[in-house]
Amino acid sequence: MRVLVTGSAGFIGGAVAATLEHAGHDVVRVDAMLPMAHGATEPPAGTHAVDVRDAEALAALLDGVDAVSHQAAMVGAGIRVADLPDFAAHNDLGTAVVLAAMHEAGVDRLVLASSMVVYGEGRYTCPDHGDQVPPPRSRAALEAGDVDNHCPKCGRVLGWALVDETARLDPRSSYAASKVAQEHYAASWVRQADASAVALRYHNVYGPGMPRDTPYSGVAAMFRSSLERGERPQVYEDGGQMRDFVHVSDVARANLLALESVAAAGPGRYAAYNVCSGRPVSILRVAELVGAGTGIEPEVTGGYRLGDVRHVVASPERARTELGFAAEVDPDEGLPAFATAPLRN
Ligand SMILES: NC(=O)c1ccc[n+]([C@@H]2O[C@H](COP(=O)([O-])OP(=O)(O)OC[C@H]3O[C@@H](n4cnc5c(N)ncnc54)[C@H](O)[C@@H]3O)[C@@H](O)[C@H]2O)c1
Ligand SMILES: [Zn+2]
């Protein structure tokens, strides 16, 4: 297949493009080289320095293309209000332009990079009252060291459970809102254009090529940067926050499988899948694993960031049964190896 990969100079897009090529696909690489992601770096050889909002430039590149793997996005925590127009521009408008250009060019297969942030919070259960949707944790509670969510009916501490793809979408930031919008645009394009699409909801992705310690990079890179400075990784709350860490090589393979499934699907099919390792890990354990062998112990600070969620842990079941995807890299091995993997500057 000839596949146009957007965001191909990025952390995940680069791995996806390489994996598709390795599998024998012909890849067209597109990346606008956002300064936020790349500073003043020149595009890598073979990359078309095109902004996905440029319909004309896309039209020329879509000639002969069978499918698009849309990885390009402005990423980050989406906390700064001032960034709202940029999230909407790169992610919402960018996706809309890509979809319209695909339709114009007769390209009807899409794999979309989505995110666990579409869920907002994870799933919580009370031993007596079953699934519960707790209110956001208050500043007063966090200040007092009460980091857990409590059952609205009985006040007991809620345990975590696996989030599946049927969970309610509940974006909590401008970034998350733009990722939900991308999925919604893709789903409506599938109906309007008689096309097919798969959205992959990546969980915490880590591995070689991950951006260095910036306000926008993931916690694994931040822990690693602390260790490189000889400082103890700072772990917020009690370190018991549960997450799913999935290696970028597994994410790339999930993309390959999704592409094959999209190619095999008839028109009108839209599906979303969690892309996760299926091996939940606490944030304290992540800090310990990344620091394994350094002799530097993480420090549980009891600090907190308002808006952080307590637990988000995904079910890998649907991706396993429908895409045939199961992660190969166990965080117990992948996270210590990440300590010495090359990062992007
Ligand atoms: N890293 C994670 O843990 C994670 C988790 C969930 C979802 N995702 C999603 O995966 C995708 C890739 O993220 P990443 O972590 O590799 O980030 P990244 O910043 O490394 O890569 C994104 C790439 O997209 C490019 N880009 C942005 N806007 C563009 C535009 N308008 N036109 C063309 N190119 C543009 C950037 O220059 C960059 O190279 C994104 O869609 C992101 O939302 C990432
Ligand atoms: Zn209860």
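Just so it is clear, the model here is predicted, and its values are computed rather than measured.

(A) Spatial organisation of the overall build of the protein chain. Scanning the protein chain for helices and strands turns up 11 helices and 16 strands. Against the 2.2 N^0.38 benchmark of 20 Å for 345 residues, the protein chain shows a C-alpha radius of gyration of 20 Å, consistent with a compact globule. Projected onto its principal axes, the C-alpha coordinates of the protein chain cover approximately 60 × 45 × 40 Å. With 345 residues in all, the protein chain has 50% of them scored as buried. Counting only contacts in the protein chain whose residues sit at least 6 apart along the sequence, the fraction spanning at least 24 positions is 81%. For the protein chain, the computed accessible surface area is about 14,800 Å², with 53% contributed by carbon and sulfur atoms.

(B) Just the sheet that holds strand S5 (residues 109–115), in detail. Spatially, the 7 strands line up as an open sheet ordered S3-S2-S1-S4-S5-S9-S14, and their pairing is parallel. Of all strands in the sheet, those with a lone pairing partner are strand S3 (47–48) and strand S14 (270–275), marking the two edges. On the sheet, helix H1 (residues 11–22) packs against strand S1 (2–6), strand S2 (26–30), strand S4 (67–70) and strand S9 (196–202) and is oriented at approximately 160 degrees with respect to S2. The sheet contacts of helix H8 (residues 248–264) involve S1, S4, S5, S9 and S14, and relative to S9 the element is tilted by about 160 degrees.

(C) Spotlight on the sheet that holds strand S7 (residues 130–132). The strand order across the open sheet built from 3 strands is S7-S6-S8, with neighbouring strands paired in antiparallel fashion. The open sheet is flanked by S7 and strand S8 (159–161), the only strands paired with a single partner. For this sheet the average axis-to-axis angle between neighbouring strands, irrespective of direction, equals 50 degrees. Note that strand S6 (residues 123–126) and S8 share 3 bridges and pair antiparallel. Within S8, the residue paired with Arg123 across the bridge is Ala161.

(D) Highlighting the coordination of the zinc ion (ligand 2). At the metal site, the zinc ion (ligand 2) is ligated by Cys126 (SG), His129 (ND1), Cys151 (SG) and Cys154 (SG), and these contacts range over 2.2 to 2.4 Å. Viewed at the metal, the 4 donor atoms of the zinc ion (ligand 2) are separated by angles of 106 to 116 degrees, and the geometry they form is tetrahedral. Taken in chain order, the donor set of the zinc ion (ligand 2) reads C-x2-H-x21-C-x2-C. Separated by 28 residues along the polypeptide, Cys126 in strand S6 and Cys154 in the loop between helix H5 (139–143) and S8 bring together distant segments of the chain. Residue classification places Cys126 among the buried residues on the basis of a relative accessible area of 4%. What makes Cys154 partly exposed here is its relative accessible area of 33%.

(E) Looking closely at the pairing of S14. For S14, a buried count of 5 out of 6 residues is recorded, marking the element as mostly surrounded by other parts of the structure. Where S9 and S14 come together, 6 bridges link them in parallel fashion. In the strand pairing of S14, Val198 is matched with Ala271.

(F) Representation of H1 within the structure. Between its first and last C-alpha atoms H1 spans 17 Å; for 12 residues at 1.5 Å apiece the expected length is 16 Å, and the two agree. For H1, the full list of buried residues reads Phe11, Ile12, Gly13, Ala15, Val16, Ala17 and Leu20. Each element contacted by the buried residues of H1 is listed here: S1, S2, S4, S9, strand S10 (204–206) and H8. Downstream of H1 by one or two residues, Gly24 has phi in the positive range, about 95 degrees.

(G) Focus on the site of ligand 1. Of all residues adjacent to ligand 1, which total 28 residues, the nearest are Ile12, Asp31, His38, Tyr175 and Lys179. Measuring from an oxygen atom of ligand 1, one finds a side-chain N or O atom of His38 at 2.6 Å. Summarising the interface, the protein chains cover 93% of the accessible area of ligand 1, which totals 830 Å² for the free molecule. The set of elements that each furnish at least two residues to the shell around ligand 1 consists of H1, helix H2 (35–38), S5 and helix H6 (174–193). No other element matches the 3 residues that S5 contributes to the shell around ligand 1. Taken together, the residues of the shell around ligand 1 break down into 16 nonpolar, 8 polar and 4 charged.

(H) Geometry of the environment of Ala45. Along the chain, Ala45 turns up in the loop between H2 and S3. As for Ala45 and His203, which are separated by 158 residues in sequence, their C-alpha atoms are 29 Å apart.

(I) Highlighting the packing of helix H9 (residues 283–291) against helix H11 (residues 331–338). Closest axis-to-axis distance for the H9/H11 pair is 6 Å, and the angle between their directions is 55 degrees. Accordingly, the angle class assigned to the pair H9 and H11 is oblique. When you trace H9 past H11, the crossing you get is right-handed. In this structure, H9 uses Arg285, Val286, Leu289 and Val290 to contact H11, whose residues at the interface are Pro331, Asp332, Leu335, Pro336 and Phe338. Here the contact of H9 with H11 is composed, by residue class, of 7 nonpolar, no polar and 2 charged.

(J) Local environment of the packing of aromatic side chains. Scanning the entire structure with this criterion turns up 3 aromatic pairs. When the ring of Tyr206 is compared with that of Phe338, the centres are 5.9 Å apart and the planes differ by 80 degrees; the resulting orientation is edge-to-face. Remark: Phe338 occurs in helix H11 and Tyr206 occurs in strand S10; sequence separation between them is 132 residues. Here Tyr206 falls in the buried class, since its relative accessible area comes to 0%. Its relative accessible area of 2% is what places Phe338 among the buried residues. Three or more aromatic residues joined by ring pairs form one cluster here, namely Tyr206, Phe245 and Phe338. One cation-aromatic arrangement involves Arg224 over Phe338; the distance from NZ or CZ to the ring centre is 5.7 Å.

Calculation notes
- Residues numbered from 1 in each chain as written.
- Chains lettered and ligands numbered in written order.
- Predicted model: local features only at pLDDT ≥ 70, side-chain atom pairs only at ≥ 80, totals over all residues.
- Heavy atoms only, no water.
- Helix = DSSP H or I, 4+ residues; strand = E, 2+ residues; numbered from the N terminus.
- Rg over C-alpha atoms; globule rule 2.2 N^0.38 Å.
- Buried < 20%, exposed > 50% of the residue type's maximum accessible area, 1.4 Å probe, protein only.
- Contact = heavy atoms within 4.5 Å.
- Areas by Shrake-Rupley, 256 points an atom, 1.4 Å probe, with all protein chains shown as cover.
- Pairing = 2+ DSSP bridges.
- Axes fitted to C-alpha atoms, helices over the stretch in contact; angles between N-to-C directions.
- Donors = N, O, S within 2.8 Å, 3.2 Å for Na, K, Ca; no water.
- Tetrahedral: all angles 85-135°; square planar, octahedral: opposite > 155°, others 65-115°.
- Expected span 1.5 Å × (residues − 1).
- Near = heavy atom within 4 Å.
- Polar contact = N/O pair within 3.5 Å; in protein donor to acceptor, adjacent residues only side chain to side chain.
- Nonpolar A, V, L, I, M, F, W, Y, C, P; charged D, E, K, R; others polar.
- Parallel < 35°, antiparallel > 145°, perpendicular 65-115°, else oblique.
- Left-handed = near helix turned anticlockwise from the far one by under 90°.
- Phe/Tyr/Trp six-rings, centres within 6.5 Å; stacked < 30°, edge-to-face > 60°.
- Lys NZ or Arg CZ within 6 Å of the ring centre and 35° of its normal.

Taken by themselves, the reported measurements are silent on function.
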